Amino acid sequence: MKIIHFPKSRLSELVARAGGVSRSDAVAGAMAQMETMRGQSDGVIEAAISAVEAIALAACGRGRFDTEQMLDILRHGDQIVTLAGTFGYVSLDIASRSLCDVTDGLLRAGLDELAPVMVHVQAVRLMAPDATPLKPEEDQKILAELQKVSAHFHIGALSSAVPQFDEFAADGS
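If you're wondering where the values come from, they're calculated on a predicted model, not measured in any experiment. (Residues numbered from 1 in each chain as written. Predicted model: local features only at pLDDT ≥ 70, side-chain atom pairs only at ≥ 80, totals over all residues. Heavy atoms only, no water.)

Topic: the packing of helix 5 (residues 90-109) against helix 7 (residues 136-152)
Reasoning step 1: Running from amino to carboxyl end, helix 5 crosses helix 7 at an angle of 15°, the nearest separation of the two axes being 11 Å. As judged from the angle between their axes, helix 5 and helix 7 are roughly parallel. The crossing of helix 5 and helix 7 is left-handed. Facing helix 5, whose interface residues are Ser91, Ile94, Ala95, Ser98 and Val102, helix 7 presents Asp139, Leu143, Leu146 and Ser150.
Reasoning step 2: Broken down by class, the residue content of the contact of helix 5 with helix 7 amounts to 5 nonpolar, 3 polar and 1 charged. (Axes fitted to C-alpha atoms, helices over the stretch in contact; angles between N-to-C directions. Helix = DSSP H or I, 4+ residues; strand = E, 2+ residues; numbered from the N terminus. Parallel < 35°, antiparallel > 145°, perpendicular 65-115°, else oblique. Left-handed = near helix turned anticlockwise from the far one by under 90°. Contact = heavy atoms within 4.5 Å. Nonpolar A, V, L, I, M, F, W, Y, C, P; charged D, E, K, R; others polar.)

What to know about the state of the cysteines
Reasoning step 1: Applying the stated criterion to the full structure yields 0 disulfides.
Reasoning step 2: This cysteine, Cys60, is not joined by any disulfide, and Cys100 carries the nearest cysteine sulfur, 18 Å off. (Disulfide = S-S within 2.5 Å.)

Description of the nonpolar core
Reasoning step 1: Residues Phe65, Ile73, Leu92, Leu99, Val117 and Val124 are the most contacted members of the largest nonpolar core, which totals 33 residues.
Reasoning step 2: The element that contributes the greatest number of residues to this core is helix 3 (residues 38-62), accounting for 7 residues.
Reasoning step 3: Each residue touching Leu99, except ones within four places of it in the same chain, is listed here: Val52, Ile73, Val117, His120, Val121 and Val124. (Core = buried A, V, L, I, M, F, W, Y, C linked by side-chain atoms within 4.5 Å. Buried < 20%, exposed > 50% of the residue type's maximum accessible area, 1.4 Å probe, protein only.)

Some words on the environment of Pro136
Reasoning step 1: Tracing the sequence through the fold places Pro136 in helix 7.
Reasoning step 2: Overall, Pro136 belongs to the partly exposed group, its relative accessible area being 38%.
Reasoning step 3: Once the C-alpha coordinates of Pro136 and Ser91 are considered, the two residues, 45 residues apart in sequence, prove to be 9.3 Å apart.

A few points about the side chain of Ser91
Reasoning step 1: Relative to the elements of secondary structure, Ser91 occurs in helix 5.
Reasoning step 2: Residue classification places Ser91 among the buried residues on the basis of a relative accessible area of 9%.
Reasoning step 3: Of note is the side chain of Ser91, whose polar atom sits 2.9 Å from the side chain of Asp139. (Polar contact = N/O pair within 3.5 Å; in protein donor to acceptor, adjacent residues only side chain to side chain.)

Encoded structure:
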């Protein structure tokens, strides 16, 4: 029988020692830290929405989108989706995901349609963190109309892309 000896190191002693922060305290601390970054996040969301609006306005001047503009909308839309989801802006998250889905669907289909993207851009603006808050029923109505736009262009439904849409519609939050 062999005896294996593990030398004592500071790291092995620290790992073996009990203590630390409980899971619930760690989560609460992380949430508090995230909340301190909300203002910065709202600024990035606002900048991304403004960039998407500028791209859409430029496309309106030409009467159509080009591929590069649609890719830029997807890039900025991804920022909005990420931050809206992280900071709990449920309606904005759903609307911006739909904007990305519609833009990507049109891009893949080789279409340069303005109207479906413009409707989504306007909806995203209405749901921006610094916009006047909408009533839950107004949010639901806008999201339902965006779903109709997606369906008209045969682009995946919001409820299949975002599971919380059904919950959102059911509880009105």
